[in-house]
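Chain by chain, the residues run as shown.
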Amino acid sequence: MKEQKKPKSTEIVEEQRARVVNKIIEDMERNGLRWMEPYLPTLSPHNPVSGTVYQGGNRFHLGFAGYMRGFEDNRWCIFNQIRDSGWHLKKGAKAALIEKWREFSIKEENKETGEDEVKGHYLRCVGYWNVFNAEEIEGIPAPSLPKHQSDGTSAIANDLILSSRCPVNESYAYRGSAAYAPLRDAILIAPRDTFRSDESFTRTLLHEMTHSTGHPSALNRGCDTDFGSPEYAQEELVAELGSLFLSADLGIQSADFEGDFYENHVSYLKSWMHALKDDPSYLFKAAAKADKADSFIMGRYQDVLEKHREQERELTPEKVSLKSESRAMKEASKVQVVFPIPAPAIAADER
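Throughout what follows, the structure given in this document is the object of discussion. (Residues numbered from 1 in each chain as written. Predicted model: local features only at pLDDT ≥ 70, side-chain atom pairs only at ≥ 80, totals over all residues. Heavy atoms only, no water.)

## Focus: the overall build of the protein
Next, step 1: If you tally the helices and strands in the protein, you get nine helices and eight strands.
Next, step 2: Per-residue burial over the protein gives 38% buried out of 351 residues.
Next, step 3: For the protein, the computed accessible surface area is about 21800 Å², with 53% contributed by carbon and sulfur atoms. (Helix = DSSP H or I, 4+ residues; strand = E, 2+ residues; numbered from the N terminus. Buried < 20%, exposed > 50% of the residue type's maximum accessible area, 1.4 Å probe, protein only. Areas by Shrake-Rupley, 256 points an atom, 1.4 Å probe, with all protein chains shown as cover.)

Structure (structure tokens):
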């Protein structure tokens, strides 16, 4: 009987990726799928009255405004909320502007069916408000601060940062946000103590590191695309799948691909699928690109681990086994040592 040819390692990886993507597609159809903010809620710009956690440009703008003005409190309220709650603005308080955007569909008539079909999406600003920081509001209660959860992924994050092909800038200027900036070729991310946990930080870091592999000097995917475009959406799929694959390779994601973090990945992926007409084939295309990014990042990460091992070998003194040393001494005592007898001196006249 002819021996079956063993599958190549690349084929095994591809089959595993396909199983994961098929599971993601299946889980996307579940009801109650939700996405959980990776940052500590009270450390992200939010409204304490409505419970709104500001997203996108509003998050960045309020985070930057708070940083520039030296605010440590990330709560922001509109004037009517302050008045209705019985609070008062301090003299000289300055407002920051927030905007509300809505997504609208671009529809075109299908000449064959005569029905309107969605061909794309666009964003439009539908309103704006002035908000004031809690530090400039008298009478507002003190915030209850949740704590960052430390776990074993902090060391992994440190080594990932060392292995990154571009700079990783942790700063409170980016509080409540994370991004890869293609023009600067740098990752901008909030400090890890502003995330819910070390794992939340690490997974977000992996998402941005996957984005960074699209740079021309790396895998050249072309990351500088317009927000909301199909190209941008697919790049987001690549980055999120890359984070999921890398989390599994690093032992952060459970082998059965379950749990809150996995659901977060699936929910995020689903949020971008509408821009690609909910076509599952886009996920498989993105998975192929994410797999290349995974190999690129893991290769550099393994190089860092190997350097650590080399340093440990250099600093660790050679261990001597007392048992083997004792045995060697015992064997040596059994050996009869014969010293050579020097020849008698010969007088000059006897030669």
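Let's pick the thread back up.
## Points about the environment of Pro230
Next, step 1: Turning to its location among the elements, Pro230 is positioned in helix 6 (residues 230–249).
Next, step 2: Pro230 gets classed as partly exposed once you look at its relative accessible area, which sits at 43%.
Next, step 3: Considered as a pair, Pro230 and Met273 are 43 residues apart in the sequence and their alpha carbons are 9.4 Å apart.

## As for the packing of helix 5 (residues 198–212) against helix 7 (residues 260–273)
Next, step 1: Here helix 5 crosses helix 7 at 35°, and the two axes come no closer than 12 Å. Here helix 5 runs over helix 7; the crossing is right-handed. Across from Glu199, Ser200, Arg203 and His207 in helix 5, the residues of helix 7 making contact are Phe261, His265 and Tyr268.
Next, step 2: Class assignment for the residues of the contact of helix 5 with helix 7 results in two nonpolar, three polar and two charged. (Axes fitted to C-alpha atoms, helices over the stretch in contact; angles between N-to-C directions. Left-handed = near helix turned anticlockwise from the far one by under 90°. Contact = heavy atoms within 4.5 Å. Nonpolar A, V, L, I, M, F, W, Y, C, P; charged D, E, K, R; others polar.)

## Some points on a nonpolar patch on the surface
Next, step 1: Together, Phe60, Phe64, Tyr67, Met68 and Tyr172 make up a nonpolar patch on the protein surface, roughly 540 Å² of accessible area in all.
Next, step 2: By the element assignment, Tyr172 lies in the loop between strand 6 (168–170) and strand 7 (178–181). (Patch = residues over 30% accessible without salt bridge, like charges linked within 9 Å, V, L, I, M, F, W, Y side chains within 5 Å. Salt bridge = Lys/Arg side-chain N within 4 Å of Asp/Glu carboxyl O.)

## Description of the pairing of strand 8 (residues 186–189)
Next, step 1: Side chains Ala186 and Leu188 of strand 8 all project onto a buried face; the interleaved residues Ile187 and Ile189 project onto the opposite face, where all are buried too.
Next, step 2: Strand direction decides the pairing type here: strand 6 and strand 8, joined by three bridges, are parallel. Of the residues in strand 8, the one forming a bridge with Asn169 is Leu188.
Next, step 3: Here four bridges tie strand 7 to strand 8, and the two strands are oriented antiparallel to one another. (Pairing = 2+ DSSP bridges.)

## Thoughts on the nonpolar core
Next, step 1: Ranked by internal contacts, the top residues of the largest apolar core, which has 22 residues, are Ile24, Met28, Leu237, Leu241, Leu269 and Leu283.
Next, step 2: If you list the elements that add at least two residues to this core, you get helix 1 (9–28), helix 6, helix 7 and helix 8 (281–315).
Next, step 3: Not counting residues up to four positions away in its chain, the partners in contact with Leu283 are Val21, Ile24, Ile25, Met28, Leu237, Leu241, Leu269 and Met273.
Next, step 4: Counting residues in each nonpolar core, the second largest holds 21 residues, with Leu160, Cys166, Val168 and Phe195 among its members. (Core = buried A, V, L, I, M, F, W, Y, C linked by side-chain atoms within 4.5 Å.)

## With respect to the packing of aromatic side chains
The geometry of two aromatic rings is summed up by the distance between their centres and the angle between their planes.
Next, step 1: Evaluation of the coordinates by the stated rule reveals three aromatic pairs.
Next, step 2: Ring geometry for Phe60 versus Phe64: centroids 6.5 Å apart, planes at 10°, classification stacked. Remark: Phe64 and Phe60 occur in helix 2 (residues 56–69); sequence separation between them is four residues, near one turn of the helix.
Next, step 3: According to the relative accessible area criterion, Phe64 is partly exposed, its value standing at 40%.
Next, step 4: Each ring, one from Phe71 and one from Trp76, has its centre 6.2 Å from the other, and the planes form 70°; the classification is edge-to-face. Each member of the pair, Phe71 as well as Trp76, is classed as buried.
Next, step 5: Directly above the ring of Tyr282 sits Lys285, whose terminal nitrogen or CZ lies 5.0 Å from the centroid. (Phe/Tyr/Trp six-rings, centres within 6.5 Å; stacked < 30°, edge-to-face > 60°. Lys NZ or Arg CZ within 6 Å of the ring centre and 35° of its normal.)

## Observations concerning the sheet that holds strand 8
Backbone hydrogen bonds are what pair the strands of a sheet, in a parallel or an antiparallel way.
Next, step 1: Read from one edge to the other, the open sheet built from three strands follows the order 6-8-7, with strand pairing classed as mixed. Every other strand in the sheet has two partners, leaving strand 6 and strand 7 as the edge strands with one partner each. Each adjacent strand pair in this sheet contributes to an overall mean axis angle of 20°, direction not counted.

## Notes on the pattern of salt bridges
Next, step 1: All chains considered together, the criterion is met by nine salt bridges.
Next, step 2: For Glu199, the salt bridge is made with Arg203, and the minimal N-O distance between the two is 2.9 Å. One end of the pair is Glu199 and the other is Arg203, both in helix 5 and four residues apart, which spans about a single turn. You'll find Glu199 and Arg203 in the same group, each marked buried.

## Some words on the packing of helix 4 (residues 153–163) against helix 5
How two helices sit against one another is set out by the angle between their axes and by the gap between those axes.
Next, step 1: As a packed pair, helix 4 and helix 5 sit with axes 9 Å apart at the nearest point and diverge in direction by 25°. Relative to helix 5, the element helix 4 is oriented roughly parallel. Seen from above, helix 4 lies across helix 5 with left-handed handedness. Contact residues: helix 4 offers Thr153, Ser154, Ile156, Ala157, Leu160, Ile161 and Ser163, while helix 5 offers Asp198, Glu199, Phe201, Thr202, Leu205, Leu206 and Met209.
Next, step 2: Classifying every residue of the contact of helix 4 with helix 5 gives eight nonpolar, four polar and two charged. (Parallel < 35°, antiparallel > 145°, perpendicular 65-115°, else oblique.)

## Section: helix 4
Next, step 1: Along helix 4, the residues classified as buried are Thr153, Ile156, Ala157, Asp159, Leu160 and Ser163. Around the axis of helix 4, the buried residues are gathered within 165° of arc, so they sit on the same side.
Next, step 2: Packing partners of the buried residues in helix 4 comprise helix 5 and helix 8. (Arc of directions from axis to C-beta.)

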